[in-house]
Amino acid sequence: MSVRPWRDITRRQSRQIMVGKVPVGGGAPIAVQTMTNTPTEDAKATIEQIRQCEEVGVDIIRVSCPDVASTAAMKQIVRAVKVPIVADIHFHYKRALEAADAGVACLRINPGNIGSQERVREVVRAAKANGCSMRIGVNAGSLERHLLEKYGEPCPEALVESALEHMKMLQDEDFHEFKVSVKASDVFLAVAAYNGLADVCDYPLHLGITEAGGLIGGTVKSSIGLGMLLWAGIGDTIRVSLSADPVEEVKVGYHILKSLGIRARGVRVVSCPSCARQGFDVVKTVERLENALAHVTTPLSLSVLGCVVNGPGEARETDIGVTGGGGGKHMVYLSGVTSHHIDEPAMVEHIVMLVEKKAAEIESAKALAEAGLLVAAE
């Protein structure tokens, strides 16, 4: 038990698989994924988009492989990027074979739509030969006819049963290096299905609310659904599905994990919505700070509040804080303690400097600690 048990999240115990060099499940950090939306055969454009996602911290990238031209480009794509690539395969099992040979780290398949068990067997052989893991992707929008006839509509039981049937197809081939998803665009359906699946298997789970919507609506919808599951300890990797730039999916994914205290990357900003009491323009200031601090990857916290009502209290809980004051002079807090005043014209640049300095101190201390551990181990 921690000193704040109401913050504790007990992760569901699952087996661990590897997606390239990224561990998924088994207590590993929850990996953040996205998916490219460039034409895969355009290797240059796809590589550029993947690199943009790498800059904001993506752990795994999925790339669709609908045709031979796409899998032909995969070898070049895989060689040019740092993150492991998941090949998204539907219907054409030969695309899975080609993608595995091209060096992808994982195959996203729906075993039921790539044909006979013999075809599944061929995909498993290719995965084993190339060291690929797999993801079984069940979706409420493409459930098998016999399950729709049995249950009458997509429901949690139908999604779980579909997943179990597909899992058995891989298990029958003695293949267990896979994760599973049971996605739906309906939050209630997705959450119930994931809860049901978590109860009946120990494979790592890939979370997502599929077809969630645009940047704002999809972020809200995904945050509700994924937040409920993650708070319950369910989920080993996540993808936020937005009709938006894949970079935004990665950012939202990290914000969800950050808000639950599960995984931290970069600056966590605590800011007020602003009101007539504000001593400076909070909205514009936060926007400027977030843009100016986007390059900082070290986990630390920054509070930006417009007045003294909640400002000092929030500042006590963050690494760096600024609270609006009168006459264009604002109070700066360091490690929760009142430090000094700053004039408004210089405030943003000054806070950026303090954050960068704090990040450098944290990284230096971390490096010294790691060096000490290495010496002790030797």
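Residues numbered from 1 in each chain as written. Predicted model: local features only at pLDDT ≥ 70, side-chain atom pairs only at ≥ 80, totals over all residues. Heavy atoms only, no water.

## With respect to the state of the cysteines
To keep things clear, this is the line we draw: Only a pair of cysteine sulfur atoms within 2.5 Å qualifies as a disulfide here. Per-residue accessibility, obtained with a 1.4 Å probe over protein chains only, is compared with the maximum for each type, and a residue is labelled buried under 20%, exposed over 50%, and partly exposed between these values.
The final tally for this structure, using the stated rule, is zero disulfides. Of all cysteine sulfurs in the structure, the one in C106 sits closest to C132, which takes part in no disulfide; the separation is 7.5 Å. C132 gets classed as buried once you look at its relative accessible area, which sits at 4%. As a non-bridged cysteine, C155 has C201 as the owner of its nearest cysteine sulfur, 17 Å distant.

## Here we look at helix α10 (residues 282-292)
Defined as follows: Each helix is a run of H or I in the DSSP string that is no shorter than four residues. Each strand is a run of E no shorter than two, and both are numbered from the N terminus. This arc describes the spread of directions from the helix axis toward the C-beta atoms. Whenever two N or O atoms come within 3.5 Å, that pair is a polar contact, provided that in protein one can donate a hydrogen and the other can accept it, and provided that, for residues adjacent in sequence, both atoms are side-chain atoms.
Listing the buried residues of α10 in full gives V282, T285, V286 and L289. Down the axis, α10 shows its buried residues gathered within 95 degrees of arc, on one side only. Turned more than 90 degrees from where α10 packs its buried face, V283, K284 and N291 sit exposed. Where α10 starts, the residue carrying a side-chain oxygen 3.3 Å from the main-chain nitrogen of V283 turns out to be D281.

## Remarks on the nonpolar core
This is how it is decided: Nonpolar cores are built from buried Ala, Val, Leu, Ile, Met, Phe, Trp, Tyr and Cys residues. Side-chain atoms within 4.5 Å join them into one set. Any two residues whose heavy atoms approach within 4.5 Å are treated as being in contact.
Grouped together as the largest cluster of nonpolar side chains are 81 residues, with contacts concentrated most on L107 and M134. Here this core takes eight residues from helix α7 (residues 187-200), the largest share from any one element. Apart from residues no more than four positions distant in its own chain, L107 is found in contact with V86, A87, A96, A99, A100, V123, A127, S133, M134 and R135. In terms of nonpolar packing, the next biggest core, distinct from the first, is built from 21 residues, V282, V286, V332 and I351 among them.

## Structural notes on the sheet that holds strand β14 (residues 329-334)
Let me state the cut-off plainly: Criterion used throughout: strands pair if DSSP finds at least two bridges between them. For helices, the axis comes from a line fit to the C-alpha atoms of the stretch in contact; other axes are also lines fit to C-alpha atoms, and the angle between any two N-to-C directions lies between 0 and 180 degrees.
If you walk across this open sheet you meet the five strands as β11-β12-β13-β14-β15, and the pairing is mixed. In this open sheet, the two strands that pair with only one neighbour each are β11 (267-271) and β15 (337-343). If you compare each strand with its neighbour and ignore which way they point, the axes differ by 20 degrees on average. When β11 meets strand β12 (residues 300-305), the two strands line up parallel, connected through five bridges. For V270, the partnering residue across the bridge sits in β12 and is S303.

## Quick notes on the pattern of salt bridges
In plain terms, the rule: What makes a salt bridge here is a side-chain nitrogen of Lys or Arg within 4 Å of a carboxyl oxygen of Asp or Glu, nothing more.
Within this structure, the stated rule accounts for 16 salt bridges. In this structure, K329 and D343 form a salt bridge, with 2.7 Å as the shortest nitrogen-oxygen distance. Linking K329 in strand β14 with D343 in strand β15, this pair joins segments that are 14 residues apart in sequence. A residue is classified by how much of its surface remains accessible, and K329, at 42% relative accessible area, is partly exposed. The partly exposed category is assigned to D343, whose relative accessible area is 38%. What emerges from the salt-bridge pattern is a single network uniting E118, R121, R125 and E173.

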